[in-house]
Amino acid sequence: GAVVSQHPSRVICKSGTSVKIECRSLDFQATTMFWYRQFPKKSLMLMATSNEGSKATYEQGVEKDKFLINHASLTLSTLTVTSAHPEDSSFYICSARDLNREISNQPQHFGDGTRLSIL
Amino acid sequence: GEDVEQSLFLSVREGDSSVINCTYTDSSSTYLYWYKQEPGAGLQLLTYIFSNMDMKQDQRLTVLLNKKDKHLSLRIADTQTGDSAIYFCAAVFSGGYNKLIFGAGTRLAVHP
């Protein structure tokens, strides 16, 4: 089946550090990837939709300058949390949709998530 | 805005059937999905159903869709301890990029 690899799986760093998270589709191409944030025991909150070769579309309330998204190829999207602070600590999950399947029949395939802890 | 709601917790005995319910508001949602999340892990796609279907069965999983009431359910037959996880219902939002709107998740606890 379709595999999405997310790296790193866990990050612990000091306040003020910028952290980059990678999301790769391993056996399929994805023009669209999604970045979610999940708080403890809560649902997934869509942060932004990442589009290959163009600017990401951010959801309301998500700071574009805080969460930088780059989708430079059909298999890789990155999320950079800039100048991270303790309130940015969370579980970040990416997903990707297979380009080659009909648009109306494309389930999203998820990575295993990145647990970010800012001290 | 678009919304998906689920019951938050379900406890069943091993071997019994589990039924997890979900309601959604976007009547034009074309696909509805069920994902499973184990502790500390990402989401695993379990199954999905197209909006013109009433039922879909896949081994121990049965999905029922009542489009009129915008109600979706997931039945797990012969529930096992390995089924303990959080189950998310998600609906495709027709407003753009076919993004998914997730419910809050139902925590399924299976006890002997």
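Here, the structure is the one placed above.
These numbers were taken from a predicted model, which means no experiment stands behind them.

1. As for the state of the cysteines
What we call a disulfide is simply a covalent bond connecting the sulfur atoms of a pair of cysteines. All told, the structure shown has 2 disulfides over all chains when counted by the stated rule. Covalently, A:Cys23 is tied to A:Cys94 through a disulfide, its sulfur atoms 2.0 Å apart. For the disulfide bridge between A:Cys23 and A:Cys94, the dihedral angle about the S-S bond is near 80°, and by the sign convention the bridge is right-handed. Placement of A:Cys23 in strand β3 (residues 19–25) and of A:Cys94 in strand β9 (residues 90–97) is noted, with a sequence separation of 71 residues between them. In this structure A:Cys94 comes out as buried when scored by relative accessible area, which is 0%. Note on cysteine connectivity: B:Cys22 is disulfide-linked to B:Cys89, with sulfurs 2.0 Å apart. Every disulfide takes its handedness from the sign of the S-S torsion; for B:Cys22 and B:Cys89 that torsion is -65°, giving left-handed.

2. With respect to the environment of A:Ser77
Residues and elements named next belong to chain A. Examined against the element boundaries, Ser-77 turns out to sit in strand β8 (residues 76–81). The buried category is assigned to Ser-77, whose relative accessible area is 0%. In sequence terms Ser-77 and Gly-16 are 61 residues apart; their C-alpha atoms lie 23 Å from each other. Dropping the residues within four chain positions of it, Ser-77 is found in contact with Ile-21, Glu-22, Cys-23, Met-33, Trp-35, Ser-50, Ile-69, Asn-70 and His-71. A polar atom in the side chain of Ser-77 sits 3.0 Å from the side chain of Ser-50.

About the criteria used
Residues numbered from 1 in each chain as written. Chains lettered and ligands numbered in written order. Predicted model: local features only at pLDDT ≥ 70, side-chain atom pairs only at ≥ 80, totals over all residues. Heavy atoms only, no water. Disulfide = S-S within 2.5 Å. Helix = DSSP H or I, 4+ residues; strand = E, 2+ residues; numbered from the N terminus. Buried < 20%, exposed > 50% of the residue type's maximum accessible area, 1.4 Å probe, protein only. Contact = heavy atoms within 4.5 Å. Polar contact = N/O pair within 3.5 Å; in protein donor to acceptor, adjacent residues only side chain to side chain.

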